[in-house]
Amino acid sequence: MTPEQALTSVETVTAVIDGVEVTVPKGTLIIRAAEQIGVAIPRFCDHPLLSPAGACRQCLVDVEINGRAFPKPQASCTMPVENGMVVKTQNTSPVAAKAQAGIMEFLLINHPLDCPVCDKGGECPLQNQAMSTGRPESRYEGEKRTYEKPINISSQVLLDRERCVLCARCTRFSEEIAGDPFITLNERGALQQVGIYEKDPFESYYSGNTVQICPVGALTGASYRFRARPFDLVSVNSACEHCASGCDLRTDIRRGKTLRRLAGDDAEVNQEWNCDKGRWAFKYLTTRERVKVPMVRGADGELHEASWPEALEAAAAGLKDKRVGVLAGGRLTAEDAYGYSKFARVALGTNDIDFRSRPHSDEERDFLASVLPTLTTTYLDIDSADHLVLLSFEPEEESPMVFLRAYRQVRKRGLKVTSDAPIASRSSKKLVATLVAGTSSISGLTSQSVILLGERAAETPGAISEAVKLAQSSGAKLAWIPRRAGERGAIAAGAIGNLLPGHRPVDNVEARVDIQSAWGVDSLPTAPGKSTSEILSSLASGSLDAVLVGGVDPMDISADALGQLLNTFVVSLEISHSSVTAIADVVLPVAAVVEKSGSFHDWRGIAREFDKGVDDAELRSDVRILSMLADQLGAPINLPTVTATAKEIAALGSWDGARPAFTAVAGNVSTVTNSDFDMKLVSWRLLLDLGTLQLGEANLAGTAKQARAHISAQTAAKLGVTEADHVVINSERGAIELPVSIREIADDLVWVPRNSADSQVIPSLGFTSGAVKVAKR
Amino acid sequence: MSTTMNFSDEQLAVMDTIIARYPKSRSAIMPLLHYVQSIDGYVTERGIEAIAAKLNLATAEVTAVSTFYTQYKSEPVGEYHVGICTNTLCAIMGGDAIYESVCDKLGIKNHETTADGKISLERIECNAACDYAPVVMVNWEFFDNQTPSSVNDLVDQVRSGNPPAPTRGPSKLPTWKENSAVLAGLSDGLADQGVSAGDPSLLGLRIAHEQGQK
Amino acid sequence: MSKLSPVLSAHWDEADSFTIAGYKRHGGYNALAKALKSTPDEVIALIKESGLRGRGGAGFPTGNKWSFIPQGDNKAHYLVVNADESEPGTCKDMPLLMANPHSLIEGIIIGSYAIRANHSFIYIRGEVVHVYRRVQKAIEDAYAAGLLGKNILGSGFDLELTLHAGAGAYICGEETALLDSLEGFRGQPRLRPPFPAIAGLYAMPTVVNNVESIASVPAIIEHGVEWFQAMGTEKSKGFTLYSLSGHVANPGQFEAPLGITLREILEMAGGIRAGHQLKFWTPGGSSTPMFTAEHLDVPLDYEGVSAAGSMLGTKALQIFDETTCVVRAVLRWVEFYKHESCGKCTPCREGTWWLVQMLRDLEAGKGTEADLEKLLDLCDNIAGRSFCALADGAVSPIISSLKYFRAEYIEHQTNGGCPFDPIASTLFETAGA
């Protein structure tokens, strides 16, 4: 439906605002309708995405309906337009103008003259509207109410109460949008103030949005406070590099340094919100760990800085005519992933490439080639779903925008949500989700239902097959939601052993011919390549000689992964020093997101482009480095720039031919092999944890959930522990110690966060889930 | 962290009966706050946390309510909380003078408590007894038609352990905590004590009788 | 001279008037039996016909309010009684509940039956514990007598009645703030629409009525519409409680037909206190513009008072004589509004903060006549611009006092302070402290 068609299929009303006739969909508020004709009625509490409040009274206008004038001015933010309505705003009504000026004067009597030291100065709706709507001088000669300032309402958000105009946007957002009512209005009258309960600070994953929508400088971010004025900043549109939600962002940069990131505006994805990780986790860009210069390991066994020619020569020497595997990582832009994909096939002559730097399976790889490219589910399907099923997926932790979208429907119309999680997380509770043991317990799905399958499904054999079966039998819409921003783009680029770019199956002759002719090569390897785990074990056993590694933390894959990279030739393309660069033979620095342009594909498979924000003479994107390396190897891939790469990708297009059939895999019943280890540990990653891209931002880390071992009341009783105690969790490989949390969970299960402080499951216990024994410390 | 363990099982059971009065549990927050005050004397942290746990609310949602209302105290008040009406009518008729006099006598001011924890003062708003002005409320019981000297006497009697009876209330003045329990809905059986109506309430009726009304 | 008409107060002089026995002795709960024999719609029609208007201040026809509840909608309906009486000067509901709580209970059962509510509430202010006790006991006794609970008097009608104590917030007397408070939120007023009749308590159709309105219902059912309409004026039917307080010889409650004048009431009550003259008074509480001696003959019904430039409100007749400083009186009232402002909207929250500071300065004799203009201009920016009527109540004493007593404000300025002796206005100045 075109926008024009959409408008005519909706009932409309017509009114006159300041002498201009305007036709809008029925139910449109006067303040919105006025905006459409370029009339900005001043406001504070009004926000298009929040329920109308009518609290601040700044938006008062004169209203007449069918000849009858309202005796007093009305709040335009709570009154919908009606046929025959005549509205006079401050532009054409002296009464409205005086009323608005009066309200502005009242707002300023207790507001401090903090502008010189307030972050909001220069981009402040109060300043702007005071200039446009208010009196030039205040007649107030009394005492202003003051408070101790600022107070931390979390480690990340500061509150200056005396600046607050009590618009309640922040409290309404926290309650209505995020479902985290940890900030509320307290007290009454002129001493009314935003507050927290001190023992429970404002630790919501979405707290940063309140800083952005606060119309004054009452809420500020601790990381940005006092750092810059908006007119110092250059803004670039960005796409978030953290998760696969696909948020539109705006990055503000001053003299080459990223100072803050704000949520952008995309009605079909993140609306005007983002999560705290996307907002504040960018300090990794400027830590001292950044690699700026190529490095080559010398005869002395140490890494030494080298020139680009030197480093490229050393890398080529270790890769030429060798059996090489490529671990691309899940954080690449779509263009960079395409570079790795082409490099593997053209420069290295192999299909042994895999972007999955996390637990994975062959069942998953089949699914990614056979089923995923056929899926078309979007956020809008969640909006209209009759039933939402979450399989191996925790929305708030793994895709915060999916959570917000689902929560909105739960709140608005009681959308039914079902989850197969073994324990009710905070997001399950907010979604009022019914927990079930498996897909066999789920019934009644229709073609309007939505199944969201998380990347952790790969950890349980058969889980993906069950999800596919459920979708096929019910007609429900299926979506697969990975945790990292680069995964869908990597799949589209063919950075995986069974796919070529454009979702072309490797073992399909016509697909190979497509690519061969596009790339100008005579042939491409025909058999699907090794997966990540196969590449790693082959490196360890010697059946592969060398490996090219992108942004990968081996500890995310398995406890053995790093060890498997020793004693082999490693070329690392990295932005920062890591456990991989520490053992690499050649380190080639690459640009981080703000230093290059590119695009990320979100979980829907839709791309969001972003521009380069910072010019760094030393750094280029992965694709360019790989192009230079390919040249050095004598097998060029001709991808000198991101733009050229994007052009090539576009020209290639997507495969619309046959796909391999998806072969379902049966689940297996896990048996406890050692009766000593009689409990099963389950885990998943929290949004805020020890992830590498969250480094360097202590304020954000301060809001991360504290790691606790979740056990049932019965287990606690059996172990003789209460929530004041700690437990030791032992696997065959190691142990972790955590405080206890008593929750509703099966008696034989213990849940811990997978990669949080004091709870790093893979390195400590040797698996992501498995047999453990639990005892009181 | 479960702090409902700090309240006894009986107390937690009482909370459940309060919650059961309402179609939606959140409505119970007000009587539960009165109940917490009846145990702890004011709204304590453990009270807030227990109510949040019982009603499945965030603690901030509980403080949002408890800080909105004048009767919920965030700091301890005295065993006997003396409220002097200083709204216009009572103030004009003597409430202001009473307030100054009792402040002088006790050495404390509005919202303060004597060092021995016995008496606290508050300037209160109109308590719907204007025909009995000047009005003083002690633990929210009526003490009508007060003067500076009668309030001074009242305070002395409270201190000596022999508080006077309310003018329109139970025969013995209950404590702050006892009356908070009543407001939580826990009957103390004293409804039948005290007059039906004071003289001012009966004025019109008496005149009507004189005029020959039924 | 109007005769008085004790109906609600008819037996307050009996020591057990508040008990169920005392109430039944004088025909209590007969009206309920009668009402249950009619259909609910018949009851609504009767109350509509009677012309009973809400006694909580607004004077909205009660029967009309009841008829706004959509019937046959398969939703829970609620009757909520507003017993939050906190308007300065208003003191009729509390003595009524203390001396005759069953009149309210009976009225609630009838009203709930009429609007098809099976669970009703009484929201009573928390600062009156003994009144709470009386109402709670009355409810207990009504349950015990089968007048509440299941199958009331064998009619098949079920009703649960819950007593809910407030905790000290005048704004909770505003019906939508009351509903939010009863639901467990901060007591701040709600946006309307939706109106409570469509989405009130728990978003269900709800009627909110004042104590006296509901308590008047049994008498109307018992004695009939004609009896009720024989009292009062053409548009303000029936009897009501007038509360006389302040510098009068004898303060107290006067139950009379609507339309009586202050002069008539004062004559019965023994006039202003000896040796003094009436200076100013409120017809309906602090939120209503004040009157002076020139208004002694205004008929105290809704239309009469309105025509004279004020509002009947809650018939809270606060009488002040010449010893009273108007500026001090106004200051105290505005301090009240500032204290009670819920804080939601700017003009009330910030406006009352500012008004109090200005009035304090004016009482202390600071400022010039220009400040009086400024004060009025602030009132103009507050009145009608706020979220609810609390702010309108706050500016009402300022505007009306400046209308009648501007010279007194100026006298403070020329005098460098208040020219009145505060002790002269107290009761005990003559009686001995």
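Right above here is the structure, for reference.
Residues numbered from 1 in each chain as written. Chains lettered and ligands numbered in written order. Predicted model: local features only at pLDDT ≥ 70, side-chain atom pairs only at ≥ 80, totals over all residues. Heavy atoms only, no water.

Engineer: Can you tell me about the sheet that holds strand β2 (residues 119-124) of chain C, naming the residues and giving the values?
Structural biologist: Residues and elements named next belong to chain C. In spatial order, the strands read β3-β2-β1-β4; together these four strands make up an open sheet with parallel pairing. Two strands in the sheet have a free side with no partner beyond their single neighbour: β3 (160-165) and β4 (206-210). Within this sheet the neighbouring strands show an average axis-to-axis angle of 20°, counted without direction. Pairing geometry for β2 and β3, over six bridges, is parallel. Across the sheet, the residue bridging to Y123 is H164, located in β3. Strands in contact with helix α9 (residues 211-223) are β1 (78-83) and β4; relative to β4, the strand with the most contacts, it is inclined by about 90°. (Pairing = 2+ DSSP bridges. Helix = DSSP H or I, 4+ residues; strand = E, 2+ residues; numbered from the N terminus. Axes fitted to C-alpha atoms, helices over the stretch in contact; angles between N-to-C directions. Contact = heavy atoms within 4.5 Å.)

Engineer: How would you explain the packing of aromatic side chains if you had to name every residue and give the values?
Structural biologist: Residues and elements named next belong to chain C. With the rule as written, the count across this model stands at 28 aromatic pairs over all chains. Both rings, one in Y170 and one in Y337, keep their centres 6.1 Å apart while their planes meet at 75°; by these two values the pair is edge-to-face. A residue pair is termed long-range when its members are at least 10 positions apart, and Y170 in the loop between β3 and α8 (175-182) and Y337 in helix α13 (residues 326-340) qualify at 167 residues. By the burial criterion, Y170 is buried, and Y337 matches it. Centroid distance W227 to F239: 5.8 Å. Interplanar angle 55°. Geometry classified as tilted. Separated by twelve residues along the polypeptide, W227 in helix α10 (residues 225-229) and F239 in strand β5 (residues 239-246) bring together distant segments of the chain. W227 sits in the partly exposed class, given a relative accessible area of 27%. (Phe/Tyr/Trp six-rings, centres within 6.5 Å; stacked < 30°, edge-to-face > 60°. Buried < 20%, exposed > 50% of the residue type's maximum accessible area, 1.4 Å probe, protein only.)

Engineer: Could you give me a rundown of the interface of chain B and chain A, with the residues and numbers involved?
Structural biologist: Counting residues at the interface gives 15 residues for chain B and twelve residues for chain A. Buried surface at the junction of chain B and chain A, both sides included, amounts to about 1,200 Å², of which 51% is carbon and sulfur. Three residues, B:A60, B:T67 and B:F68, lead the burial of chain B against chain A; their summed loss comes to 34% of the area buried on that side. For the pair chain B and chain A, the number of links is two salt bridges. A:K199 is the salt-bridge partner of B:E49, the closest N and O atoms lying 2.7 Å from each other. Remark: the boundary between chain B and chain A carries eleven residue pairs in polar contact (both at pLDDT 80 or more). At the level of elements, α3 (45-55) and α4 (59-66) of chain B are the ones that each hand at least two residues to the side of chain B that touches chain A. By residue number, the principal contributor to the side of chain B that touches chain A is α4(B), which donates five residues. Class assignment for the residues of the side of chain B that touches chain A results in seven nonpolar, five polar and three charged. (Buried area = accessible area lost by both parts, 1.4 Å probe. Salt bridge = Lys/Arg side-chain N within 4 Å of Asp/Glu carboxyl O. Polar contact = N/O pair within 3.5 Å; in protein donor to acceptor, adjacent residues only side chain to side chain. Nonpolar A, V, L, I, M, F, W, Y, C, P; charged D, E, K, R; others polar.)

Engineer: Give a description of unusual backbone geometry that names residues and reports values.
Structural biologist: Residues and elements named next belong to chain C. Residue P193 is bonded to the preceding R192 through a cis peptide linkage, with omega at 5°. Mapped onto the elements, P193 comes out in the loop between α8 and β4. Looking along the chain, the bond that leaves P193 and enters P194 is cis, with omega of 5°. Its location among the elements puts P194 in the loop between α8 and β4.

Engineer: Describe in detail empty space enclosed by the protein, supporting the description with residues and values.
Structural biologist: Applying the stated criterion across every chain, the model contains 13 cavities of 30 Å³ or more. There is about 120 Å³ of room inside the largest cavity. Looking at the largest cavity, it is lined by 18 residues, and the ones nearest its centre are B:T70, B:E125, C:E127, C:G168 and C:E340. When residues of the lining of the largest cavity are traced back to their parent elements, those giving at least two are β2 (119-124) of chain B together with α13 of chain C. Residue classes in the lining of the largest cavity are distributed as six nonpolar, six polar and six charged. (1 Å grid on protein atoms, 1.4 Å probe; cavity = no way out; pocket = protein on both sides within 12 Å on 5 of 7 lines; lining within 4 Å. Points joined across faces, edges and corners; volume = space filled by probe spheres on them.)

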